[in-house]
Amino acid sequence: MIHFVILISRQGKVRLTKWYSPYSQKERTKVIRELSGLILTRAPKLCNFVEWKGYKVVYRRYASLYFCMGIDADDNELEILEIIHHFVEILDRYFGSVCELDLIFNFHKAYYILDEILIAGELQESSKKTVARLIAAQDSLVETAQEQANSISNMIAQATK
Amino acid sequence: MNPFSSGTRLRDMIRAIRACKTAAEERAVVRKECAAIRAAISENDQDYRHRNLAKLMFIHMLGYPTHFGQMECLKLIASAGFPEKRIGYLGLMLLLDERQEVLMLVTNSLKQDLNHSNQYIVGLALCALGNICSAEMARDLAPEVERLLQTRDPNIRKKAALCSIRIIRKVPDLAENFMGPAASLLKEKHHGVLIAGVQLCTDLCKASTDALEYLRKNCTEGLVRILRDVSNSPYAPEYDIAGITDPFLHIRALRLMRMLGQGDADSSEYMNDILAQVATKTESNKNAGNAILYECVETIMGIEATSGLRVLAINILGRFLSNRDNNIRYVALNMLMKAVTVDFQAVQRHRTTILECVKDSDASIRKRALELVFLLVNDNNVKSLTKELIDYLEVSDQDFKGDLTAKICSIVEKFSQEKLWYIDQMFKVLSLAGNYVKDDVWHALIVMISNAPDLQGYSVRSLYKAFQTSNEQESLVRVTVWCIGEYGEMLVNNVGVLEMEEPMTVTESDAVDVVEVALKRHSSDIKTRAMSLVALLKISSRFPPTSERIREIVMQHKENVELELQQRSIEFNSIIQRHQNIKSSLVERMPVLDESTYIGKRVGSSQATLPADKSSRPTSGSPGASLKLPNGVAKPPPAPLVDLLDLSSDDVPAPTSSATDFLHDLLGGDLMSPSSSAPSGGAGTDILMDLLSIGSPSAPTDVSIRNTISSNQGNAGEPKTAPASVMDLLDGLPSNSSLPGDKNPIYPSITAFESSTLKVTFSFTKQPGKPQNTMIQATFTNLSSNTYTDFIFQAAVPKFIQLRLDPASSSTLPASGNGTITQMLSVTNSQHGQKALAMRLRIVYKVNDQDKMEQGQINNFPPGL
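Residues numbered from 1 in each chain as written. Chains lettered and ligands numbered in written order. Predicted model: local features only at pLDDT ≥ 70, side-chain atom pairs only at ≥ 80, totals over all residues. Heavy atoms only, no water.

### A short note on the overall build of chain A
The condition that has to hold: Here a strand is any run of E in DSSP of at least two residues, a helix any run of H or I of at least four, and the numbering for each starts at the N terminus. Burial classes: relative accessible area under 20% of the type maximum marks a residue as buried, over 50% as exposed, and values in between as partly exposed (1.4 Å probe, protein chains only). In this description, contact between two residues means that some pair of their heavy atoms is separated by no more than 4.5 Å.
Broken down by element type, chain A carries five helices and seven strands. In chain A, the order of α-helices and β-strands from amino to carboxyl end is β-β-α-β-β-β-α-α-α-β-β-α. Split into buried and exposed, the 161 residues of chain A put 58% on the buried side. Long-range contacts, defined as pairs at least 24 residues apart, comprise 46% of the intrachain contacts of chain A with a sequence gap of at least 6.

### With respect to helix α11 (residues 191-207) of chain B
Given 3.6 residues to a turn, an α-helix orients residues that are three or four positions apart in the same direction. Rule in force here: Helices are assigned an expected span. That span is 1.5 Å times one less than the residue count.
For α11 of chain B, which comprises 17 residues, the first-to-last C-alpha distance of 24 Å matches the rise-based estimate of 24 Å (1.5 Å per residue) to within 8%. In terms of residue burial, α11 of chain B counts as a mostly covered element, since 15 of its 17 residues are buried.

### Examining the packing of helix α19 (residues 351-358) of chain B against helix α21 (residues 382-395) of chain B
Residues and elements named next belong to chain B. Heads up, the rule is: Axes here mean lines fitted to C-alpha atoms, for a helix over just the part in contact, with angles spanning 0 to 180 degrees between N-to-C directions. When describing relative orientation, an angle under 35 degrees is termed roughly parallel and one over 145 degrees roughly antiparallel, while 65 to 115 degrees is termed roughly perpendicular and anything else oblique. Should the near helix be turned counterclockwise from the far one by less than a right angle, the crossing is left-handed, whereas a clockwise turn marks it as right-handed. When residue character is reported, Ala, Val, Leu, Ile, Met, Phe, Trp, Tyr, Cys and Pro are called nonpolar, Asp, Glu, Lys and Arg charged, and the others, Gly included, polar.
The contact between α19 and α21 brings their axes to 11 Å, and the two run at 20°. Between α19 and α21, the angle falls in the class roughly parallel. Both α19 and α21 take part in a crossing whose hand is right-handed. Here Arg351, Leu355 and Val358 of α19 lie close against α21, whose contacting residues are Leu385, Glu388, Leu389 and Tyr392. Across the contact of α19 with α21, the residue classes break down as five nonpolar, no polar and two charged.

### Quick word on the sheet that holds strand β2 (residues 14-19) of chain A
The pairing of strands in a sheet comes from backbone hydrogen bonds and takes either a parallel or an antiparallel form. All names here are of chain A. Operational definition: Strand pairing is defined by DSSP finding a minimum of two bridges between the two strands.
Within the open sheet, the five strands sit side by side as β2-β1-β5-β4-β3. Their pairing is antiparallel. In the strand order of this sheet, the two ends are held by β2 and β3 (49-52), each with one partner. The sheet shows a mean angle of 20° between the axes of neighbouring strands, direction not considered. Sheet topology note: the strand β1 (residues 2-9)/strand β5 (residues 65-71) ladder contains seven bridges and is antiparallel. Its bridge partner being in β5, Val5 is matched across the sheet by Met69.

### Side note on the nonpolar core
Within soluble globular proteins, side chains that are nonpolar tend to cluster in buried spots. Formally: Throughout this description, the term nonpolar core refers to a set of buried Ala, Val, Leu, Ile, Met, Phe, Trp, Tyr and Cys residues connected via side-chain atoms within 4.5 Å.
Counting 266 residues, the largest nonpolar core has Leu118 of chain A together with Leu92 and Ile354 of chain B as its most contacted members. With eleven residues, the top contributor of residues to this core is helix α26 (residues 474-493) of chain B. For Leu118 of chain A, the contacting residues outside a window of four places in its chain are Ile2, Val5, Tyr20, Met69, Ile83, Leu123 and Gln124 of chain A. By size, the runner-up hydrophobic cluster in this structure holds 34 residues, among which are Tyr747, Ile750, Leu803 and Met839 of chain B.

### Points about the interface of chain A and chain B
Put simply, the rule is: The quantity reported as buried area is the accessible area (1.4 Å probe) lost by two parts once they are put together, taken as the sum for both. What makes a salt bridge here is a side-chain nitrogen of Lys or Arg within 4 Å of a carboxyl oxygen of Asp or Glu, nothing more. We define a polar contact as two N or O atoms separated by no more than 3.5 Å, with the added condition that, inside protein, one atom must be a possible hydrogen donor and the other a possible acceptor, whereas residues neighbouring each other in sequence contribute only through side-chain atom pairs.
Contacts between the two partners involve 64 residues from chain A, matched on the other side by 70 residues from chain B. Here chain A packs against chain B, burying approximately 5900 Å² in sum over the two surfaces, 55% of which is carbon and sulfur. Contact with chain B buries area across many residues of chain A, yet Glu51, Leu78 and Phe105 of chain A alone supply 12% of it, more than any other trio. Ionic pairing is found between Glu79 of chain A and Arg252 of chain B, a salt bridge with its closest N-O pair at 2.3 Å. Inspection of the chain A/chain B interface yields 29 residue pairs in polar contact (both at pLDDT 80 or more). At the level of secondary structure, the elements contributing two or more residues to the side of chain A that touches chain B comprise β2, α1 (25-39), β3, α2 (77-95), α3 (100-105), α4 (107-117), β7 (122-123) and α5 (128-159) of chain A. Considering every element that reaches the side of chain A that touches chain B, the biggest residue donor is α5 of chain A, with twelve residues. Considering only residue class, the side of chain A that touches chain B consists of 30 nonpolar, 13 polar and 21 charged.

Structure representation (structure tokens):
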């Protein structure tokens, strides 16, 4: 099972965190601090796995961003690498060649996408197309709701003129 | 619209925060935003609630406290629209976790949303429930989730399946309810549902054996079909990764097979074919294919596979191990650990490759490889493997040395067939990485050396040599110091030389040098220094000529800020200087340490830190323990007591404190009427007795000395050189006694006290050059016909005099002068030449179990003391 997903920039800034096991706020900060110290210092070409406090952390770097997932010691590390890549590809399709800034300003959308890929620390959907379709459908629901709200407020505004 | 409510947009806030150059600036921006959000919350602002929550989530990600926004999530979730719910649930999952009470409040909203007509709202609720639900919520909402497992929409079904996993993990009792629906999920076509369904079945198997049996019976066939279909499926762009259709489904199916096939021959046999197919046909040039192979190997190892299949699996691992990709090598090592139990020999074949991995530049691979090597050690290869590892220890990274050392030590301890080999390997480890060796390891080494009498000489010589080159390794220093203290003479006299040893000459002062270096090196901690002091004391007795030098070294620590060192220094100094007579018996060699109790202790205590201290007691601590006696001897009576007993001043101090009172009563007031002063057993008496009787109860070690003294007793009456000769006899070791040259004044012995039942005589000696000090030997003779037991002599002096009492030779005084008790007193007269000695004494003893007490004052000291 995946216990947490953390996105850290090369400077050690947190871009996204998702916890599937209970960690208190204090523990969360500690995990992030220790892991960024551990992972950001690793040379390229080393393996993508770090053993840490009985867990394994699988990480993969994309440009300036490290995608890290904490898993149990007996999980399939190679598969987690594929899950990370799966997530990145979906982000890439959604944002259109995604960059760190997209994830900063649209962090909530990154979370929505992650929620379509993982639930309870387990993979939910292996089809990128399905994820994209579900996200698009929900985005359009939000848009219609906003348009309606706008038109209603316009109507109210006109009526009260 | 409220113009004051958080005017900035989310995007603007993020920009403002990113523009901050310092942490202080960032804090200021965040503080301002938080204040605005709080204001909006308290005004119950509707319009910007979701924007505020989005902002809060960003602030939360930066690590600032955001608990005040928790209720906002709940309000958003409770509102009707999808956009509000969407952000509300996101906030809920981000800002809260299952341990917060607030979470319970959301149960009702979740229940409503799970029954909502909009599939996306149901999806949101399932997602939130699956990510953060607590055990209580799991119980409350399980029926809803169970129902959703059978809805028409596959996207809801897959979410419900994963949500069920969370529920089962929280409440394993609920597993039975999900067995049936889970099994039917495996008949689906939709990959998302299949993946979630297979995963749910895996978790059900973990949670309940009933479920495992049920699924084994009903699903094995279906599962094999799923795997066969997906691995034989033609190109499917939607699920394709590197030419493989849906590796995720592959992997999950393989994992569930492992659960079902474990310990069950029938289902294992049913899986053999498809596993063989996956193991042989999967492309291994891409990560996705390797991930499948890796999972497949684990499944083959886990189930009751045929031997052919196992060979296939081991061969895959062999290929992995020689792969250039570090990730693949890492998982190979990981899997070989599991394969060791299945096929030890097959793994053994890869030993050389694995040993190379221990030396890899990648810490993760090194660690895995080291653990694996540890499993591969057996009696046949232990020597070559240990050699390899120790050779590598020399060049390994600093931060890897700790792990490596620990493993080498446990290999050496576990597989040592001969003591010599064990000792040699441990010395190598200590010299290379002594700073990383855990305490219990070198304690065990000392126990071993103590138990190998024929190797003690070799050990101390090897350590001496090792110390010359690597004295910066703490634990090497400790073991060396301990061994030199114990077996120093074997070092100097070349005792027990083994054949392969090169002859070496070490002088006594060389041995002292080593300990002195250990004592003075900057990196030595208190423990090492304390051990060094003990070793020095021991050496001073083994090599008497070095005694004076050692005393000087010891005295350098008399003002050490560490109490332990200071105390040892002062006490040892006094032993070397003043107690030559008892020293040699004090610092005898340690008795052989009992291996079995030591090992028992070590095994019994699983924690390493605390027990390490405990188990150190029999080794390093014991010299200290044997010093208890000198501790007692050397302690001068507490100053306040002397003060209180001031005899010279006639005006008795006003009885302000109770202690004064007691002492006054005991030693002053009752002097007039001795008869009335039978010990009352009051607290004061006890206190005084305790204070004065320090160390006086029988001391076992100085028996021989006492005999010497007693034999001289006959001369004691004659005012000649008798006392001096006694001292000469005691100073058998020609260390620092410069006596012969000096002409000492001789003082006549006196009868200090005599009653009808008891006689006390004092004889005096003085050390040359110290006219203030007088050694008094008190001799007690029983004049009655009854034996006295529990004999205790106490003395008090005026405050210008310091008095120290050594332990008495015995506490039993035979009847009718058939024997004596002797006791040494050391008196320092600070007003020597101006005031004469004066003393009050009190003697308590038992006759036929009846307490008796006698006391008196001595005024007839010879002049000039």
